[in-house]
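These are the residues of each chain, in order.
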Amino acid sequence: MNKIHVLQEAMKQEALDALLVYSPYNLRYISNFTGTTGYALITKNKAFFITDARYTQQAQQQAHDFQVIEQTSSWIDALADVVQNEGVKHIGFEAQHLTVAALEQLESYIDANFVATTGLVETLREVKSPEEIETIKQACAISDKAFLHILDFIKVGKSEIEIANELDFYMRQLGASGVSFETIVASGVRSSMPHGVASHKLIEEGDFITLDYGCYYQGYVSDMTRTIAVGNPIDQLKEIHAITLQAQLLVSQAAGPGVTGVELDAVARDYISKHGYGDKFVHSTGHGIGLEIHEAPNVSRLAKKAFVAGNVITNEPGIYLPGIGGVRIEDDLVITETGAEVLQTVSKELILL
């Protein structure tokens, strides 16, 4: 059953005649369209794709299961024609993506009942197909190679921004279309900031350096973190690296179908707390990845949903000591029928440059 048919089945449960897909990520998921302007209307037995003349040919090539409609004025006028022709009365819209202004415009132009929906397409996206998983693996392979490359680049006197730029450009050379988020390079005391994006700070002898980065490959992301050191860091930093690494390994071992995000988060949190740093682990253990860098399912104190085979999540515990430094270690995991597969292959051990 293709994605459109699965979505149509979900629409039945909501008593919808149609669903307006507005989010560019959801649009790509159901149609394969990679352009920047498009809208989809899925009815009970048809699928329409609306775009302008710039993207008509592209939509015809990519959105094979859709009837492509080229708008001649606004996309809302084109949508209104489809709604009238198909006799649609109850249209679901993506409440978390459509603005209030756009909804008001739709309601003023189109004679139909608009019904707020949440997560219809996102829920389908949580379980990746074998093809999606293979693409994510390719993105992870690029970030792995970038890590090995950057180890030879990092030296005392290099700036965090220089390191981040080198990572970004090298991943593009390997086939990435871009970075999946702003690359984090946080060294020395700055490594105690979980989201310390690269600054002009220069690398110094004894620094811990947290590298958190990823790339887009054919629309799907990777996300990895390694913490390394230049020279000989202080013993407390070595200690928290060892604790974080063991917590991270325990999460990978515990992950599998039937385990909830709450339970998996507790694996890392309990181990770190047992070693006296519970209050220094200040974020959740992980999140889903796919077309977006943050998507469901999550690994947190609030994530009560059990994982199923095909979920792809991050595993990224950390310990952060303000004024001293911090550690985070992260891999991407695919939940399998029997456990979890770790997608990164490069070492997580403390590397001293």
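Note that the structure is predicted; figures quoted are calculated from it, not measured. (Residues numbered from 1 in each chain as written. Predicted model: local features only at pLDDT ≥ 70, side-chain atom pairs only at ≥ 80, totals over all residues. Heavy atoms only, no water.)

Asker: Outline the overall build of the chain, listing residues and values.
Answerer: Each helix and strand in the chain was counted, giving ten helices and 19 strands. On C-alpha atoms alone, the chain measures out to a radius of gyration of 23 Å, which is about the 20 Å that the 2.2 N^0.38 rule sets for 353 residues. C-alpha atoms of the chain, sized along the principal axes, occupy 70 × 40 × 35 Å. Within the span of the chain, comprising 353 residues, buried residues form 56% of the whole. A separation of at least 24 residues holds for 66% of the contacts in the chain among residues at least 6 apart in sequence. On the chain, the mean spot of the 26 positive side-chain charges and the mean spot of the 45 negative ones are 3 Å from each other. (Helix = DSSP H or I, 4+ residues; strand = E, 2+ residues; numbered from the N terminus. Rg over C-alpha atoms; globule rule 2.2 N^0.38 Å. Buried < 20%, exposed > 50% of the residue type's maximum accessible area, 1.4 Å probe, protein only. Contact = heavy atoms within 4.5 Å. Lys, Arg positive; Asp, Glu negative; His and termini not counted. Charge placed at Lys NZ, Arg CZ, Asp CG, Glu CD.)

Asker: Before we move on, can you summarise the UniProt feature "domain: Creatinase N-terminal" (unreviewed entry) in the chain with the specific residues and values?
Answerer: Taken from the UniProt record, the annotation "domain: Creatinase N-terminal" (unreviewed entry) applies to residues 6-127. Summarising residues 6-127: 42% helix, 23% strand, and an end-to-end C-alpha distance of 12 Å. (UniProt positions renumbered as here; feature names shortened; annotations may be inferred.)

Asker: How would you explain the nonpolar core if you had to name every residue and give the values?
Answerer: Residues L7, V21, I30, I42 and F66 are the most contacted members of the largest nonpolar core, which totals 35 residues. Elements with a contribution of two residues or more to this core: α1 (3-13), β1 (18-21), α2 (24-31), β2 (39-43), β3 (47-51), α6 (120-125), α7 (130-153) and β11 (220-221). Considering every element that reaches this core, the biggest residue donor is α1, with four residues. Not counting residues up to four positions away in its chain, the partners in contact with I30 are K3, I4, L7, V21, A40, I42, F66 and V121. (Core = buried A, V, L, I, M, F, W, Y, C linked by side-chain atoms within 4.5 Å.)

Asker: How would you summarise the pattern of salt bridges if you had to cite specific residues and measurements?
Answerer: A complete count under the given rule lists 17 salt bridges for this structure. Here K137 and E341 are joined by a salt bridge, their closest N and O atoms 3.2 Å apart. Note that K137 is positioned in helix α7 and E341 in strand β19 (residues 340-342), a separation of 204 residues in sequence. Relative accessible area serves as the criterion here: at 33%, E341 is assigned to the partly exposed category. Of the charged contacts in the structure, one is a salt bridge between R269 and D265, with a shortest N-O distance of 2.8 Å. Linking R269 with D265, this pair stays in helix α10 (residues 261-274), spanning four residues, or about one helical turn. By relative accessible area, which is 2% here, D265 ends up buried. The network of salt bridges with shared partners includes R125, K128, E292 and E295. (Salt bridge = Lys/Arg side-chain N within 4 Å of Asp/Glu carboxyl O.)

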